[in-house]
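# Working through the structure, step by step
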Amino acid sequence: MQRILVVEDEIKVANAVKKGLEENGFEVDVAYDGRMGKSLGASNNYDLVILDLNLPHANGYEVCEVIRRRNNRIPIIMLTALGGMEDKMQAFELGADDYLVKPFDFRELLARIRVFLKRAGSESQQNSQYKIVIADLEIDREKKEVTRSGKKIPLTAKEYQLLEFLALHKGKVISKLVIAEKVWDIDFDTGTNVIEVYMNFLRKKIDKDFDNKLLHTKTGMGYYLAEE
């Protein structure tokens, strides 16, 4: 089920959009102010965001910026009473994909949502074999490059191989035995700590300067890469 975030302070509008989307098979979260919108947008994975501009505590431009920093691909549709050209231009410059002025017809909103989700699904399918995206971490398998929050992270060849292997098995705990066999192409020697050493290297580069940690240890079982 595809998940949509609606950030709208008009309760009647928000609830009507939520109801209409749920009737069409979507899972919907609603934020009734900008602060809540930023929090949900920064901590959850959504397939699309519907965003008002005039919001208490933080306006839609601020919310859009926060979401874009975390995910530069998610479709964002501005749904607002502000129909001026300057408002539209600022929204697009900050990363909005579409702009629908109130009052609106729900059928038009639904049609636009379906177009963006179909496009995003097609792009995701095309890129899935070339790129791995977990939260704000992106691994370009063609260029052998890694970025997090848009910042390029230099890795050695072996560090990259280890990270890519964990990413390809996102969320799955991988034992040292399997890592040694698949990444180092050797039988695991219980007397060596090479895997722990390389995991520490990766943590310093991938997690150290970021709030949410992606590399995790399951004591006595192995390691895994996931957003928690």
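Scoring rules and cut-offs
Residues numbered from 1 in each chain as written. Predicted model: local features only at pLDDT ≥ 70, side-chain atom pairs only at ≥ 80, totals over all residues. Heavy atoms only, no water. Patch = residues over 30% accessible without salt bridge, like charges linked within 9 Å, V, L, I, M, F, W, Y side chains within 5 Å. Areas by Shrake-Rupley, 256 points an atom, 1.4 Å probe, with all protein chains shown as cover. Salt bridge = Lys/Arg side-chain N within 4 Å of Asp/Glu carboxyl O. Helix = DSSP H or I, 4+ residues; strand = E, 2+ residues; numbered from the N terminus. Domains from an automatic or database assignment. Buried < 20%, exposed > 50% of the residue type's maximum accessible area, 1.4 Å probe, protein only.

## Section: a nonpolar patch on the surface
A surface patch of nonpolar side chains, about 270 Å² in accessible area, is lined by Ile11, Tyr32 and Met36. Looking at where Met36 falls in the secondary structure, it is placed in helix α2 (residues 34-43).

## Things to note about the domain arrangement of the chain
Split by domain assignment, the chain resolves into domain 1 (3-123) and domain 2 (128-225). A straight line from the C-alpha centre of domain 1 to that of domain 2 covers 33 Å.

## Quick look at unusual backbone geometry
Following Lys102, the chain continues into Pro103 via a peptide bond in cis, with omega recorded as -5°. Assignment of secondary structure puts Pro103 in the loop between β5 (98-101) and α5 (106-127). The phi torsion at Lys144 lies on the positive side, around 60°, for a residue other than glycine. By the element assignment, Lys144 lies in the loop between β7 (137-140) and β8 (145-148). Phi is positive for Ser149, close to 55°, though the residue is something other than glycine. Tracing the chain through its elements places Ser149 in the loop between β8 and β9 (151-152). Looking at Ser149, the relative accessible area reads 39%, which means it is partly exposed.

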